Structure formats: C-alpha cells, structure tokens
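# Descriptive structure summary
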Amino acid sequence: MANILVIGAHGKVGSLAAADLAATGDHVYAGFRDPNQFDDLATEDRLNPVLFDLTKSADEMAKIMTDYQIDQVVFSAGAGGMGGAERTTEIDLDGAVKSMEAAKKADVQQFVMVSAAGADNRAVWVKSGIYTYFMMKHYADRLLQQSGLNYTILRPTTLTDEAGTGTIKQITDQEVGAGTVSRADVAAMIVAALHDDKAMHRIITFEQGDENISSVF
C-alpha cells in the first residue's frame, strides 16, 4: 500500500478522496492549511492529518513529503474562484507549482491534479465568470506536464453533491457544456488513477455518464 498525501483535504472532493483511499488500505496523509481543521477529519487508522500550507516554500513542502515518505500526491486544493484574482493565483497556480517542485525534490512517484473541464478551452473561461480561475488551472496543468513528474490530470465538469454513481462520460475540453458530475465520483476517479499505472501521463475530462470508473484507465 502507498503513502499518499492529499493536498486540500478540507475541501469536499479532497475529504472524500482521503476517506476512500484510506478505505482501500492506503496510508493517507490529509493536508490541511490550519490545525484547527484537523477535527473535521474522519477517524480512520490509515487517515492522518498533516499541516500543509500552500503559502510555504517548495523546500518546506518537500520536507513534509520526505518525512512521511510520500509515494503519491493528490492536489485537490483550490480557491474555487473565490477571494479574487490574487488568492486564486496564490493557490491554484503558485501553490500548485510549488507542490510539483516539492514532489520532484521528494521523488514522488505520481502527481494527480484535480483541474477543471475547459482548462484548455478559452471560450469556457470567458463564459464561466471566473476567468482567472480557469487560466490558473490551464497553466498549472501545462507546467505539470512539463515537470518531469508522472502525472494524471482530472478535469471534472461542474460539481454536485449528489450520490456517486461509479460511472462517468469522457469528453474533450471542446465539448464542455452544461454537464455535471458528483464530487463522490471525482473522488472515485482519484482513487482509480492512483491504483492504475495506465493513468500515468493522462488527461481525462469528464462528466456524469455510463462508463464504469473502474474501466476508465
């Protein structure tokens, strides 16, 4: 079983993914920016809270990854388009890139990025009302592809809190429309990506559908 760091474990997708991964038997280190958030973590033997602040340096982040012998990283943090352009840039681009640099220094085996459907489609950025958010996702994804890390980039459409179905539909960034997908199924995609070598160097844009997540990779 792997040692997995989930960055952004206080978010809805991150918390679901952390719990799902722990349930599979992986040792999960749930990254929180504030120790006051630790109490929100579900009680699991293999689910451990760690302080992981995206405003820190890449070297400080790398030390955490090395200390916990992290094999795989999930980046599920994000400003969500809130807090203005400065906050979005700080988290969704600068925080993501420093995490990549840290993962490289710590010899992490795989980096899974939770991005956004339409990150490669500027028409989506314009229509979204959160242009800066999509721009930051686009460039973070590009830099991850150029980082030398083994990466998987997951680009879900608009997220819902509906129950997971275990199924999705793969689309292209040019096909992004009004489709949605449950956060539970995004978490399931993260688990699948971390447990299948065929997920390496893949970008998957998806919405709710009828393809079993277990067969995506």
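Residues numbered from 1 in each chain as written. Predicted model: local features only at pLDDT ≥ 70, side-chain atom pairs only at ≥ 80, totals over all residues. Heavy atoms only, no water.

Turning next to the side chain of Thr167. The residue Thr167 is located in strand S8 (residues 167-171) in this model. Thr167 sits in the buried class, given a relative accessible area of 13%. Of note is the side chain of Thr167, whose polar atom sits 2.9 Å from the side chain of Thr165. Here the side chain of Thr167 touches Gly209 through a polar contact of 2.6 Å, landing on its backbone oxygen. (Helix = DSSP H or I, 4+ residues; strand = E, 2+ residues; numbered from the N terminus. Buried < 20%, exposed > 50% of the residue type's maximum accessible area, 1.4 Å probe, protein only. Polar contact = N/O pair within 3.5 Å; in protein donor to acceptor, adjacent residues only side chain to side chain.)

Before going further, it helps to spend a moment on the sheet that holds strand S4 (residues 72-75). Spatial strand order, S3-S2-S1-S4-S5-S6-S10-S8-S11: nine strands in an open sheet with mixed pairing. In this open sheet, the two strands that pair with only one neighbour each are strand S3 (47-51) and strand S11 (211-212). As judged from the four bridges shared by S8 and strand S10 (residues 202-208), these two strands associate in the antiparallel manner. Across the sheet, Gln170 pairs through a bridge with Phe206, a residue of S10. Across the sheet, helix H3 (residues 84-105) is in contact with strand S1 (3-7), S4 and strand S5 (110-114); its angle to S5 comes to roughly 170°. (Pairing = 2+ DSSP bridges. Contact = heavy atoms within 4.5 Å. Axes fitted to C-alpha atoms, helices over the stretch in contact; angles between N-to-C directions.)

Turning to the pairing of strand S2 (residues 27-32), a few remarks are in order. For S2, a buried count of five out of six residues is recorded, marking the element as mostly surrounded by other parts of the structure. When S1 meets S2, the two strands line up parallel, connected through five bridges. By the bridge assignment for S2, Ile4 is matched with Val28. Handedness of the crossover joining S1 and S2 through helix H1 (residues 12-24) is recorded here as right-handed. In this structure, S2 lies alongside S3, joined through five bridges in parallel fashion. In the sheet register, Gly31 faces S3, and the bridge partner there is Val50. (Right-handed = clockwise from strand over helix to strand, strands pointing away.)

Counted by the stated rule, this structure contains three aromatic pairs. A ring pair is formed by Tyr29 and Tyr68, whose centres lie 4.7 Å apart and whose planes are at 40°; its orientation type is tilted. Here Tyr29, found in strand S2, pairs with Tyr68, found in the loop between helix H2 (58-67) and S4; they are 39 residues apart in sequence, far enough to count as distant. Overall, the relative accessible area of 14% leaves Tyr29 in the buried class. With centroids separated by 5.5 Å and ring planes inclined at 80°, the aromatic side chains of Trp125 and Tyr131 adopt a geometry described as edge-to-face. Exposure remark for Tyr131: the relative accessible area of 36% places this residue in the partly exposed category. (Phe/Tyr/Trp six-rings, centres within 6.5 Å; stacked < 30°, edge-to-face > 60°.)

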